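The primary structure of each chain is shown beneath.
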Amino acid sequence: FEDPGPWRAVGALVGEAYQVADDLADALRSAADLGKPAGQDLRLDRPSAVATLGVGSARAQLERLVERACDAVPPVPAAPEVRRWLRAAGMRLTNAV
């Protein structure tokens, strides 16, 4: 792509969605499931989507961020495939927490 600018919004939204999914996993999954200590955000008083929004609203925020990322995909020939991939990745994130 000649101008990567339009993709920056997609990347920022995907990164934010991943962070919300990580916050949910930290709050809801066990250390055995995660392969790292769980509950660290609460224990260390770190800011997190779960602490700010609650579990249900954080899940809804994750879904909204994935949809916003899909909407931000620039009009390129592969846009439908990129959107399908983003939605599939979003489903994996959502189902993991």
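Above this text is the structure in question.
Residues numbered from 1 in each chain as written. Predicted model: local features only at pLDDT ≥ 70, side-chain atom pairs only at ≥ 80, totals over all residues. Heavy atoms only, no water.

## What about the pattern of salt bridges?
Overall, the coordinates contain three salt bridges when judged by the stated rule. Between Glu67 and Arg87 there is a salt bridge whose closest N-O contact spans 2.9 Å. Taken together, the residues Glu67 in helix H5 (residues 55-72) and Arg87 in helix H6 (residues 79-95) connect sequence positions 20 residues apart. The closest approach of N and O atoms between Arg84 and Glu81, which form a salt bridge, is 3.6 Å. Here Arg84 pairs with Glu81, and both are found in helix H6, just three residues apart, close to one helical turn. Judged by relative accessible area, Arg84 falls into the exposed class, the value being 53%. When its relative accessible area of 43% is taken as the criterion, Glu81 is described as partly exposed. (Salt bridge = Lys/Arg side-chain N within 4 Å of Asp/Glu carboxyl O. Helix = DSSP H or I, 4+ residues; strand = E, 2+ residues; numbered from the N terminus. Buried < 20%, exposed > 50% of the residue type's maximum accessible area, 1.4 Å probe, protein only.)

## Observations concerning unusual backbone geometry
In the Ramachandran plot, Asp45 falls in the positive-phi region, its phi being about 55 degrees despite a non-glycine side chain. Inspection of the secondary structure puts Asp45 in the loop between helix H3 (40-43) and helix H4 (49-53).

## Details of the packing of helix H1 (residues 5-28) against H6
Relative to each other, H1 and H6 sit at 15 degrees, their axes nearing to 10 Å. Between H1 and H6, the crossing angle belongs to the class labelled roughly parallel. For H1 against H6, the interelement crossing comes out right-handed. Residue-level inspection shows Trp7, Val10, Val14, Tyr18 and Ala21 of H1 in contact with H6, the latter providing Val82, Leu86 and Leu93. (Axes fitted to C-alpha atoms, helices over the stretch in contact; angles between N-to-C directions. Parallel < 35°, antiparallel > 145°, perpendicular 65-115°, else oblique. Left-handed = near helix turned anticlockwise from the far one by under 90°. Contact = heavy atoms within 4.5 Å.)

## Describing H5
With 18 residues, H5 ought to run about 26 Å at 1.5 Å a step, and its terminal C-alpha atoms sit 26 Å apart, in line with that. Buried within H5 are the following residues: Ala58, Gln61, Leu62, Leu65, Val66, Ala69 and Cys70. As for H5, its buried residues are in contact with H1, H4 and H6. (Expected span 1.5 Å × (residues − 1).)

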